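Residue-level listing of the chains:
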Amino acid sequence: MDTVRINHKNVLFIAHRGASCLETENTLAAFVAAGNRTYFGIETDVHITKDGKFILIHDDTTGRVAESDLVVEETDFSTLRTLPLKDTNGKCGRIDLRMPSLLEYIGICKKYEKTAVLELKNRIETEKIAEMVQEIQSAGYFENVIFISFYLENLVDLKTIAPSAAAQFLTSNEIDDKMIASLMQFKLDIDAKYSLLSPALVKQLHDSGIKVNCWTCDDANSAQSLIDMGVDMITTNCLE
């Protein structure tokens, strides 16, 4: 399945887990495919391995994308790296389909001049968030990263460590006045399930100084509605 081009005006499109309609999600192949297209950003998910290293995969376990089913955070980085990942046809065999490291991903975003949209999976210890920030800073690309997480605590810790960090709170819950107040308090933007949004809500968020990203929209008509609402970003598997 190829990407579908639509007129997105000034709305920024983000490739969800890389160009995941073309290549296996969260692999270097998917990131390069996104890099070679018109996307503003490339989104991925970071976990902490048993030995404290950063590895990119969405799930807590490997079974959906690999031959073996291991618990990511209970397995060493080197073991996870040996696992062949399934191609888009469900079969293993491509030597290039492995779980990337954080710096490999950052390197591809930097090469193709794409914003890195990095989801902090699960609750991450403050010390590891600080280490992650340092790694990205050492690569000279920190100002081109947007951090996202369903865990508000991750983002609060991040902003304490690096107040200038761009960060978006992920949510599939109703966006009410209490949530908006919290976003304003911690200087966070939002990355909401797209079906939650309405023109009035997008206006309210913008009036509160909050940028609006949304996930994961693969329907062109829905994307056009979001564009008409004035969202800032759309995260997608296949629209471009």
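For the structure itself, consult the block above.
Read on for a plain summary of the structure.

Each value, and the rule that gives it
Residues numbered from 1 in each chain as written. Predicted model: local features only at pLDDT ≥ 70, side-chain atom pairs only at ≥ 80, totals over all residues. Heavy atoms only, no water. 1 Å grid on protein atoms, 1.4 Å probe; cavity = no way out; pocket = protein on both sides within 12 Å on 5 of 7 lines; lining within 4 Å. Points joined across faces, edges and corners; volume = space filled by probe spheres on them. Core = buried A, V, L, I, M, F, W, Y, C linked by side-chain atoms within 4.5 Å. Buried < 20%, exposed > 50% of the residue type's maximum accessible area, 1.4 Å probe, protein only. Helix = DSSP H or I, 4+ residues; strand = E, 2+ residues; numbered from the N terminus. Contact = heavy atoms within 4.5 Å.

1. Brief notes about empty space enclosed by the protein
One pass over the full model with this rule turns up one cavity of 30 Å³ or more. Estimates place the volume of the largest cavity at around 60 Å³. Lining the largest cavity, in full, are Thr-24, Glu-25, Asn-26, Leu-56, Ile-57, His-58, Asp-59, Arg-64, Val-65, Leu-85 and Met-99.

2. Details of the nonpolar core
Formed by 59 residues in total, the largest nonpolar core has its most connected members in Tyr-105, Leu-118, Met-132, Phe-147, Leu-197 and Ile-234. Top contributing element to this core by residue count: helix H3 (residues 102-111), with five residues. Contact partners of Ile-234, with chain neighbours within four places excluded, come to Val-11, Leu-12, Phe-13, Ile-14, Asn-213, Cys-214, Cys-217, Ala-223, Leu-226 and Ile-227. Listed in part, the 12 residues of the second largest apolar core include Ala-29, Val-65, Ala-66 and Met-99.

3. Looking at the side chain of Gln-168
Counting through the fold element by element, Gln-168 comes out in strand E6 (residues 166-171). By relative accessible area, Gln-168 is classed as buried at 2%. In this structure Gln-168 touches Ile-146, Phe-147, Ile-148, Ser-149, Leu-155, Asp-189, Ile-190, Asp-191, Asn-213 and Met-233, once residues within four positions along its chain are discounted.

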